There are 2 protein chains.
Amino acid sequence: MSDDHDESTLGRIETEVALLMRFGEATRRATGTAEHRVLDRAAYVILRHLADAGPQNVSALAARLNLDGSTVTRQVSALQRDGLITRTPDPSDGRGTVISPTPAGLQRMAAVQAARTRLYGDMLADWSAEDRDTLAALLGRLNQALVNRNRR
Amino acid sequence: MSDDHDESTLGRIETEVALLMRFGEATRRATGTAEHRVLDRAAYVILRHLADAGPQNVSALAARLNLDGSTVTRQVSALQRDGLITRTPDPSDGRGTVISPTPAGLQRMAAVQAARTRLYGDMLADWSAEDRDTLAALLGRLNQALVNRNRR
DNA sequence: GATAAGTACCTGTACGATACAGCTATCTGA
DNA sequence: TCAGATAGCTGTATCGTACAGGTACTTATC
């Protein structure tokens, strides 16, 4: 008897995720181009990951971000052109290149991150702290579930 | 005193949403191309909205989906080419075109929707019904907050 | 009821993000 | 040592999207 209920909940989740992606995309487009500039592309995600996980190879980035190596290569090239990362030869592997964020890159990333966080703060202004916590936790679990599924 | 806590919660939400968009995109790419074919593009979102809200104009679709009119025009053209929607002149406005889903379109959409719902069912297999409900509800509120913010 | 202003849609064009295929340089194991 | 694997880059293609401009139609004003 609870199957019907479950089905519809899954449907709602599917709907809401699709909507979120739609709106998130639009928001990224709007905020990325308008105020902060330059950090438009997937650049933000790459810089974030570099800041979190430290300097690393193109391949490692590609694997972690679920992107093709060639995509990361191009993004990284753009970031280098803008002085936000540096490429250095991997000392332990002549084929590899280690990508490190520059101070400017970290700063730029932090600024965008702060702006986004502020945005969420505005949007969720009337939410209780508890609801925010719950949302963060459930989203984390959802992402974990996504990762696990992709890994299979 | 709770400000620090709030800050970090907002940061987590920001992180998780960014991650979700990244993985969601990858998932869409993977499931869209592999099994169901044809319904790759924003086509799915358009068909869903037509199924939910009934036949409507290009402009209405564009406004609702947060897309440029030209984008919707092209998506709709592709959908028409594939026999998934029909265009009829708006009887009440000679400039307008009413977009209606065809049975084939509805069927295709339902198939993709079912596949996605199944996917979520798999991923969230070990979640309690309560957690699923809560996730659906909070995502709904988050989207509502996003819509409100865009409207401002 | 004529005409100016607005609206709906389409088309041309451009761009960003991405993937896949193929290349070169380098590494590694038998 | 050398055959196969791997790291990264480049060429090319595709998709989704936006913006600018055009045409046809509608609405409001006088």
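Being a predicted model, the structure only gives us computed values, none of them experimental.

Asks: Can you break down the sheet that holds strand 3 (residues 97-101) of chain B residue by residue, with the values?
Replies: For sheets, the rule is that strands pair by backbone hydrogen bonds, running either parallel or antiparallel. Residues and elements named next belong to chain B. Pairing in this open sheet of three strands is antiparallel, and the strands run 1-3-2 from one edge to the other. Each having just a single partner strand, strand 1 (56-57) and strand 2 (85-89) make up the two edges of the open sheet. Sheet topology note: the strand 2/strand 3 ladder contains five bridges and is antiparallel. Within the sheet, the bridge partner assigned to Pro89 lies in strand 3 and is Thr97. Here helix 2 (residues 43-53) sits on the sheet and contacts strand 1, strand 2 and strand 3; the angle it forms with strand 3, its principal contact strand, is near 90°.

Asks: Describe the interface of chain A and chain B, with residues and values.
Replies: Contact with chain A, which involves 56 residues of that partner, is made by 56 residues of chain B. When the two sides are added together, the surface that chain A and chain B hide from each other amounts to roughly 5900 Å², 68% of it contributed by carbon and sulfur. Where chain A packs against chain B, one counts six salt bridges. The shortest N-O distance in the salt bridge between A:Asp131 and B:Arg141 comes to 2.8 Å. For the pair chain A and chain B, the number of links is 12 residue pairs in polar contact (both at pLDDT 80 or more). Contributing elements (two or more residues each) for the side of chain A that touches chain B: helix 1 (2-36), helix 2 (43-53), helix 5 (103-123) and helix 6 (129-151) of chain A.

Asks: I'd love a proper account of unusual backbone geometry, names of residues and values included.
Replies: Unusually for a residue other than glycine, A:Asn66 sits at a positive phi of about 65°. When you line up the elements, A:Asn66 lands in the loop between helix 3 (58-65) and helix 4 (69-81).

Asks: Before we move on, can you summarise the packing of aromatic side chains with the specific residues and values?
Replies: Under the criterion given, the structure shown has zero aromatic pairs over all chains. The ring of B:Trp127 has A:Arg141 sitting right over it, with the charged end atom 4.2 Å from the ring centre.

Asks: Which residues make up the relation of the copies chain A and chain B, and what values go with them?
Replies: The two copies are related by a screw motion: chain A maps onto chain B through a turn of 180° and a shift of 0.1 Å along the axis, at an RMSD of 0.2 Å. The operation mapping one copy onto its partner corresponds to a two-fold rotation axis. It is A:Met21 whose C-alpha, among those of chain A, lies nearest the rotation axis, at 2.9 Å. The residues that chain A uses at the interface reappear at the interface of chain B in 100% of cases, marking a shared surface.

Asks: Give a detailed account of the pairing of strand 3 (residues 97-101) of chain A, specifying residues and quantitative values.
Replies: All names here are of chain A. When you tally the buried positions in strand 3, you get four out of five residues, the bulk of the element. Here two bridges tie strand 1 (residues 56-57) to strand 3, and the two strands are oriented antiparallel to one another. Pairing of Asn57 across the sheet is with Val98, part of strand 3.

Asks: Give me the lowdown on helix 5 of chain A, citing residues and values where you can.
Replies: Taking 1.5 Å per residue as the helical rise, helix 5 of chain A with its 21 residues ought to reach 30 Å, and the 30 Å between its terminal C-alpha atoms agrees with that figure. Looking only at helix 5 of chain A, the buried set comprises A:Gly105, A:Met109, A:Val112, A:Ala115, A:Thr117, A:Leu119, A:Tyr120, A:Gly121 and A:Met123.

Asks: Before we move on, could you go through the packing of helix 3 of chain A against helix 4 of chain A and cite the residues and values that matter?
Replies: All names here are of chain A. Remark: helix 3 packs on helix 4, axes separated minimally by 9 Å, with the N-to-C direction vectors making an angle of 115°. As far as their axial angle goes, helix 4 and helix 3 are roughly perpendicular. The interaxial crossing formed by helix 3 with helix 4 has right-handed handedness. In contact with Val58, Leu61 and Ala62 of helix 3, helix 4 contributes Gly69, Val72, Thr73 and Val76.

Asks: Lay out the sheet that holds strand 3 of chain A in plain terms, naming residues and giving numbers.
Replies: Strand order in this open sheet of three strands is 1-3-2 (chain A), and the pairing throughout is antiparallel. Edge positions in the sheet fall to strand 1 and strand 2 (85-89) of chain A, since each has one partner strand and no second.

Asks: Lay out the side chain of A:Glu14 in plain terms, naming residues and giving numbers.
Replies: Looking at the secondary structure, you find A:Glu14 in helix 1. Given the relative accessible area of 1%, A:Glu14 is considered buried.

Asks: I'd like a description of the pattern of salt bridges, backed by residues and values.
Replies: This model, assessed by the stated rule, comprises 10 salt bridges over all chains. A salt bridge links A:Arg116 to B:Glu14; its shortest N-O distance comes to 3.7 Å. One end of the pair, A:Arg116, is in helix 5; the other, B:Glu14, is in helix 1 (residues 3-36), on a second chain. A salt bridge links B:Arg81 to B:Asp82, with the nearest nitrogen and oxygen atoms 2.6 Å apart. Given a relative accessible area of 58%, B:Arg81 falls into the exposed group. Using a relative accessible area of 28% as the deciding quantity, one classes B:Asp82 as partly exposed.

Asks: Go over the confidence of the model for chain A with me, naming the residues and quoting the values.
Replies: All names here are of chain A. Residues at a pLDDT of 70 or more form 82% of chain A, whose mean pLDDT is 83. When pLDDT is averaged over each element of chain A, strand 3 comes out on top at 97 and helix 1 at the bottom at 68. The low-confidence segment residues 33-38, where pLDDT is below 50, has nine contacts with residues more than four positions distant or belonging to other chains.

Here is what the cut-offs are and how they apply
Residues numbered from 1 in each chain as written. Chains lettered and ligands numbered in written order. Predicted model: local features only at pLDDT ≥ 70, side-chain atom pairs only at ≥ 80, totals over all residues. Heavy atoms only, no water. Pairing = 2+ DSSP bridges. Helix = DSSP H or I, 4+ residues; strand = E, 2+ residues; numbered from the N terminus. Contact = heavy atoms within 4.5 Å. Axes fitted to C-alpha atoms, helices over the stretch in contact; angles between N-to-C directions. Buried area = accessible area lost by both parts, 1.4 Å probe. Salt bridge = Lys/Arg side-chain N within 4 Å of Asp/Glu carboxyl O. Polar contact = N/O pair within 3.5 Å; in protein donor to acceptor, adjacent residues only side chain to side chain. Phe/Tyr/Trp six-rings, centres within 6.5 Å; stacked < 30°, edge-to-face > 60°. Lys NZ or Arg CZ within 6 Å of the ring centre and 35° of its normal. Least-squares fit on C-alpha atoms with pLDDT ≥ 70 in both. Buried < 20%, exposed > 50% of the residue type's maximum accessible area, 1.4 Å probe, protein only. Expected span 1.5 Å × (residues − 1). Parallel < 35°, antiparallel > 145°, perpendicular 65-115°, else oblique. Left-handed = near helix turned anticlockwise from the far one by under 90°. pLDDT = per-residue confidence, 0-100.

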